[in-house]
Number of protein chains: 2
Amino acid sequence: MGIQERKTRHKEDLRKRILEAAKKLFVTAGYEATSIRKIAQEIEFSPTTIYLYYKDKSDIIYALHQEGFLMLRQDFQPLMQVESPYERLKAIGKCYLRFGMTHPDFYEVMFMMKDPMKYLEIHCVDGEWAEGERVFDLLLQTIRDCQQDGYFKGLDTIEVAVQAWSSVHGLCSLYVSGHLRNMMEVVLDTNEQEAMVEKAFRVFVHYLELTK
Amino acid sequence: MGIQERKTRHKEDLRKRILEAAKKLFVTAGYEATSIRKIAQEIEFSPTTIYLYYKDKSDIIYALHQEGFLMLRQDFQPLMQVESPYERLKAIGKCYLRFGMTHPDFYEVMFMMKDPMKYLEIHCVDGEWAEGERVFDLLLQTIRDCQQDGYFKGLDTIEVAVQAWSSVHGLCSLYVSGHLRNMMEVVLDTNEQEAMVEKAFRVFVHYLELTK
DNA sequence: AAATTTAAAGAACAGTGTTAACCTGTGCAA
DNA sequence: TTGCACAGGTTAACACTGTTCTTTAAATTT
């Protein structure tokens, strides 16, 4: 049935077009400005049509959430080739920071907003955050490798991983939310927060080096 | 003019009652559920009356933002008596974490939401985030004291402070947003994230100890 | 050709922040 | 005492939001 195929393909196509329109609005105008009606206007369909392809708005932003994780994993992939575990760990940290700073909107959806996490709790069985798990596993494995090289002696792998994640996430989220910027303007009157993020990261790396 | 006084006092009173109603809704139902109309219903006034006392909604949430910083500073105050700078630093970190975990809604407004920061940019001259500055100064001074005791040798005070802030903020925000919870459920099937926050904090403290 | 399924749209509901226009009672000067 | 200005408060309305119910129109199947 070639007709059936073409129809389902067309349907998948529209589903994709909705997501593309949502992403366009999302990255240009931010989450606040991304409404169902504006998405509909973008693809020249009725707002209600969107509900034939996505359950609700949180379903769409969850799709973006997943797309963000795909991007992040693709950024991470080449780093897995780095042989030295510790250098790999540093590279992961740097890469994570760069991702957050170059895609602040995606970072917000992926790691800061409550909505996508609530979506998981409601729609999935329980905590089926596969995308997050995959990325975290990369971190876990790298830290395990570091421990075999003598780093993080006597420390629990998971605890080290959560702490490391918190540190880089803390920098990213303070950057994305604008809190770092405001603090910088007050403490030292500069708005070169990018430089400060890098410097703070280096301080963290300095701490890690002491564990060997 | 006793009458004039009573009137202005009554006006101040209503301004306070609006904020109290907003806070009540805020802590019981979260930010999302705190609407102008619901606040008005709570104080049994018309929604438009609120606009006679607050410029707009962001003005109200900024007031809550400030109130949160007042609470945090009050929590911090007794810690300033701790003589040992390093013990004081640890106490500040613990206190910050506890604040975020016991008042997640306030923490969100104070350190995670973009709105209050944007309010500052628009309404004030430029970066007049006095409340944040005060708290950060406490951290800065404590780290300076630590450095005199031999900690953080060869490191920049501000960079150390930003890094420390990022680390505890990272833990808090992952906790508040629910991301830590979801990750915990996947990696190790437990939802005792409070314990994990504490453990990750101890790992961080362990790092800091190595700088001496 | 008739019946049925399907995609899309229209209208509407309940909610949001916010503004302009309109009362309505109080205080004061003529 | 009358007229007036002004404060505090409300009503109605605008322009949005996400979402659902009902309806239309086209395509497919019988």
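Residues numbered from 1 in each chain as written. Chains lettered and ligands numbered in written order. Predicted model: local features only at pLDDT ≥ 70, side-chain atom pairs only at ≥ 80, totals over all residues. Heavy atoms only, no water.

As annotated in an unreviewed UniProt entry, chain A carries the name TetR family transcriptional regulator and comes from Sphingobacterium paludis.

*Asks:* What am I meant to see in the side chain of Asp59(A) here?
*Replies:* Residues and elements named next belong to chain A. Looking at the secondary structure, you find Asp 59 in helix H4 (residues 57-76). Buried within the structure, Asp 59 lacks any salt-bridge partner; its nearest side chain of opposite charge belongs to Arg 15, at an N-O separation of 5.2 Å. Apart from the residues lying within four places of it in its own chain, the contact partners of Asp 59 are Tyr 54 and Tyr 119. (Helix = DSSP H or I, 4+ residues; strand = E, 2+ residues; numbered from the N terminus. Buried < 20%, exposed > 50% of the residue type's maximum accessible area, 1.4 Å probe, protein only. Lys, Arg positive; Asp, Glu negative; His and termini not counted. Salt bridge = Lys/Arg side-chain N within 4 Å of Asp/Glu carboxyl O. Contact = heavy atoms within 4.5 Å.)

*Asks:* How should I be thinking about the nonpolar core in this particular structure?
*Replies:* Generally speaking, nonpolar side chains in soluble globular proteins are found buried as a group. Membership of the largest hydrophobic core comes to 151 residues, with the highest contact counts inside it found for Phe152(A), Tyr207(A), Phe152(B) and Tyr207(B). For Phe152(B), the contacting residues outside a window of four places in its chain are Tyr207(A), Leu89(B), Ile143(B), Cys146(B), Gln147(B), Val160(B), Leu208(B) and Thr211(B). (Core = buried A, V, L, I, M, F, W, Y, C linked by side-chain atoms within 4.5 Å.)

*Asks:* Can you help me understand the protein's contact with DNA strand C in this one?
*Replies:* Taken together, 19 residues form the shell around DNA strand C, and within it Ser46(A), Thr49(A), Tyr53(A), Arg37(B) and Thr48(B) come nearest. Within 4 Å of the protein, atoms of DNA strand C come from sugar and phosphate in 48% of cases. Measuring from a phosphate oxygen of DNA strand C, one finds a side-chain N or O atom of Ser35(B) at 2.8 Å. Interatomic distance of 2.9 Å between a backbone N/O atom of Lys57(B) and a phosphate oxygen of DNA strand C. When contributions to the surface near DNA strand C are tallied by element, the ones reaching two or more residues are helix H1 (2-29) and helix H3 (47-50) of chain A together with helix H2 (36-43) of chain B. Here the residues of the surface near DNA strand C sort into six nonpolar, seven polar and six charged. (Near = heavy atom within 4 Å. Polar contact = N/O pair within 3.5 Å; in protein donor to acceptor, adjacent residues only side chain to side chain. Nonpolar A, V, L, I, M, F, W, Y, C, P; charged D, E, K, R; others polar.)

*Asks:* I'm lost on the domain arrangement of chain A in this one. Help?
*Replies:* Frequently, the measure chosen for interface size is the accessible area that the parts lose on association. Residue and element names in this part refer to chain A. What the domain assignment reports for chain A is domain 1 (1-54) and domain 2 (66-209). Distance between the C-alpha centres of domain 1 and domain 2: 31 Å. Every contact between the two is made by six residues of domain 1 and, on the other side, six residues of domain 2. Taking both partners together, domain 1 and domain 2 bury about 550 Å²; carbon and sulfur atoms supply 64% of that area. Looking only at domain 1, the three residues that lose the most surface to domain 2 are Lys 23, Phe 26 and Tyr 31, adding up to 72% of its buried area. In this structure, the connection of domain 1 to domain 2 is made through one salt bridge. In this assembly, domain 1 and domain 2 are joined by one residue pair in polar contact (both at pLDDT 80 or more). Looking at the side of domain 1 that touches domain 2 residue by residue, the classes come out as four nonpolar, one polar and one charged. (Domains from an automatic or database assignment. Buried area = accessible area lost by both parts, 1.4 Å probe.)

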